[in-house]
Amino acid sequence: LRGVDIRAAAAAFHANADAQICCAISTSLDPLQHRKPRCPRPDAFIQPSPWRPHVITSDHLISWSSPHASNFLMALEARFPHSSVLQLFRVMLQSLDVNTRSNYGAGLLRFTQFCDELSIPESAHMPASTELIALFASHHAGRLSDKTLNNWLAGLHFWHIVNGAEWKANDKLHHVRRGFTKLVPPSSKHAKRPPVTLDALCVLHDQLVLNNSFDTAVWALASVAFWCCCHLGELLIPSINAFNAVKHVSRQILPLSISQLENGTHYSSFHIPWSKTTLNVGSDISITTRNHRTCPLDALLNHCTGSLSLPSHTPLFVFRMPTGWSPMTHSWFLQRCNQIWVAAGYPDMPGHAFCIGGVTKLLLQGVPPDVVATQGHWKSQAFLEYWRQISS
């Protein structure tokens, strides 16, 4: 064993064992969506280390380890069955949505880069000292928004929680955060985007080719998102291979049940398995007919009629391609909408503009705020912040 660094070899062994366990945990969270990481961007480079395997950003929280985390894991497995330990980590990570895990994982990446830059030893990464946390936060002052910093620190904090490490933030970090907020550059302060208006929705309807299955799906999504005050993430999948029946609405809701009020108005509803406010509890989307060409119920029925042959476990919003059916994605939907709007002189709209526009329109029409809150399945009246351009 001459010339062999026993401590380094032991650390590498335990780190590799930890990585295998953590890989099993992350796979058990999304067994059908275990993705291979891409080559890191130049600004995402970190020093190679057995403690930090090359995984996708959303897996950093569970796959990246440290000497403290390794000792914590071994202590757990010495006292409790391996299956119970796996279940503990699986349930804790399930408290975070995939997008949140990605944001938190990005913060852990930036923290690691900062430690590499200062040559901080692995043993000092966790638990991070009060001074190290404050130095990390102040390092990015004047370059980032306070929202980004909050996400990064929340990710670092969660990483400590998962690995049984004390989080040593104190008043020092509190004052760093206050100073950080005052130093946020103007370029990081985005102006509020305008909502999708009813006029913009009409332009979209008139320019889409509604005998084309792609445009039919786009129109159904646009009208439902607007009038039902939906977040696009409640209706759409982020990428073509990311469909998860536990989170995304599927064709299992079909056929829609149509009812009629005494005044002749038709309405329907369907359940989504996940929403921004209720998470995995899901929510019911209520759709009412409107005597207008933007009627969401007509648009949805028209879309569903053209794809009745698809099985119930497929996404609700799909379109036909030469090779078969494909799910509609968030990026494809917005790209098509903004292609039409920009050409017509409207600004480029983000996905959230549909929800904002629907809320604004319903409030302008005199719909009581509590009814709007129910339509958008909000738990509070914070949505009233969306009441924009009311002077018009």
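Higher on the page you've got the structure.
From a predicted model like this one, the values you see are computed outputs, not experimental measurements. (Residues numbered from 1 in each chain as written. Predicted model: local features only at pLDDT ≥ 70, side-chain atom pairs only at ≥ 80, totals over all residues. Heavy atoms only, no water.)

**Student:** Describe the overall build of the protein, naming the residues involved and giving the relevant values.
**Tutor:** Secondary structure assignment for the protein yields 14 helices and 5 strands. On the protein, roughly 20400 Å² of surface is accessible, and the fraction owed to carbon and sulfur atoms is 55%. (Helix = DSSP H or I, 4+ residues; strand = E, 2+ residues; numbered from the N terminus. Areas by Shrake-Rupley, 256 points an atom, 1.4 Å probe, with all protein chains shown as cover.)

**Student:** Please provide a residue-by-residue account of the nonpolar core, values included.
**Tutor:** Side chains of nonpolar character tend, in soluble globular proteins, to be buried together. In this structure, Phe270, Met328, Phe333 and Phe354 are the most contacted members of the largest nonpolar core, which totals 54 residues. If you list the elements that add at least two residues to this core, you get helix 9 (198-207), helix 10 (213-227), strand 2 (266-272), strand 3 (283-288), helix 11 (296-305), helix 12 (330-343) and helix 13 (352-364). The dominant element in this core, judged by the number of residues it contributes, is helix 10, at 11 residues. Discounting chain neighbours no more than four positions away, the residues touching Phe354 are Val196, Ala222, Ala225, Phe226, Leu232, Phe333, Leu334, Cys337 and Trp341. Formed by 38 residues, the second largest nonpolar core is a distinct cluster that contains Leu108, Met126, Leu149 and Trp152. (Core = buried A, V, L, I, M, F, W, Y, C linked by side-chain atoms within 4.5 Å. Buried < 20%, exposed > 50% of the residue type's maximum accessible area, 1.4 Å probe, protein only. Contact = heavy atoms within 4.5 Å.)

**Student:** Pulling in residues and values, what's your account of the packing of aromatic side chains?
**Tutor:** In this structure the tally under the stated criterion is 9 aromatic pairs. Consider the rings of Phe319 and Trp332, whose centres lie 5.8 Å apart with planes at 75°: the pair is edge-to-face. Taken together, the residues span a long stretch of sequence, with Phe319 in strand 4 (residues 318-321) and Trp332 in helix 12 at a distance of 13 residues. A relative accessible area of 7% places Phe319 in the buried class. Three or more aromatic residues link up through ring pairs in this structure, and these residues are Phe111, Phe114, Phe136 and Trp152. (Phe/Tyr/Trp six-rings, centres within 6.5 Å; stacked < 30°, edge-to-face > 60°.)

**Student:** Can you lay out the packing of helix 4 (residues 82-94) against helix 7 (residues 146-162) for me, pointing to particular residues and giving the numbers?
**Tutor:** Where helix 4 meets helix 7, the closest approach of the two axes is 11 Å, and the angle between their N-to-C directions is 160°. It follows from the interaxial angle that helix 4 and helix 7 lie roughly antiparallel. Crossing angle aside, the handedness with which helix 4 passes helix 7 is right-handed. On helix 7, the residues that touch Phe89, Met92 and Leu93 of helix 4 are Phe158, Ile161 and Val162. Along the lines of polarity and charge, the residues of the contact of helix 4 with helix 7 split into 6 nonpolar, no polar and no charged. (Axes fitted to C-alpha atoms, helices over the stretch in contact; angles between N-to-C directions. Parallel < 35°, antiparallel > 145°, perpendicular 65-115°, else oblique. Left-handed = near helix turned anticlockwise from the far one by under 90°. Nonpolar A, V, L, I, M, F, W, Y, C, P; charged D, E, K, R; others polar.)

**Student:** Residue-level account of the sheet that holds strand 1 (residues 259-260), with values.
**Tutor:** A sheet is described by the order of its strands in space; here 3 strands give the open sequence 1-2-3, paired in antiparallel fashion. The open sheet has two free edges, formed respectively by strand 1 and strand 3, since each of these has just one partner strand. The pairing of strand 1 with strand 2 spans 2 bridges and is antiparallel. Paired with Gln260 across the two strands is His266, which belongs to strand 2. (Pairing = 2+ DSSP bridges.)

**Student:** Please provide a residue-by-residue account of the packing of helix 10 against helix 13, values included.
**Tutor:** Two elements in contact, helix 10 and helix 13, have axes whose closest approach is 6 Å; the angle formed by their N-to-C orientations is 50°. Relative to helix 13, the element helix 10 is oriented oblique. Every residue of helix 13 that contacts helix 10 at Ala222, Ala225, Phe226 and Trp227 is listed here: Phe354, Cys355, Gly357, Gly358, Lys361 and Leu362. When grouped by side-chain class, the residues that make up the contact of helix 10 with helix 13 number 7 nonpolar, 2 polar and 1 charged.

**Student:** Break down helix 7 for me, with residues and values.
**Tutor:** Spanning 17 residues, helix 7 covers 24 Å between terminal C-alpha atoms, matching the ideal 24 Å at 1.5 Å per step. Among the residues of helix 7, Leu149, Trp152, Leu153, Gly155, Leu156, Phe158, Trp159, His160 and Val162 are the ones counted as buried. Among the residues trailing helix 7, Gly164 stands out with phi positive, at a value near 65°. (Expected span 1.5 Å × (residues − 1).)

**Student:** Report on helix 5 (residues 98-117), specifying residues and quantitative values.
**Tutor:** Counting along an α-helix, one turn takes 3.6 residues, and residues three or four places apart therefore face a common direction. Taking 1.5 Å as the rise per residue, helix 5 with 20 residues should run 28 Å; its terminal C-alpha atoms sit 29 Å apart, in good agreement. Taken together, the buried positions of helix 5 are Arg101, Tyr104, Gly105, Gly107, Leu108, Leu109, Arg110, Phe111, Thr112, Gln113, Phe114 and Cys115.

**Student:** Report on the pairing of strand 5 (residues 324-327), specifying residues and quantitative values.
**Tutor:** Note: strand 4 against strand 5, 4 bridges, orientation antiparallel. Within strand 5, the residue paired with Phe319 across the bridge is Ser326.

**Student:** Please give an account of the environment of Thr100 that cites residues and values.
**Tutor:** Among the secondary structure elements, Thr100 is positioned in helix 5. Along the backbone, Thr100 and Asn151 are 51 residues apart, and their C-alpha atoms lie at a distance of 8.5 Å.

Worth remembering: the numbers are spatial, not functional.
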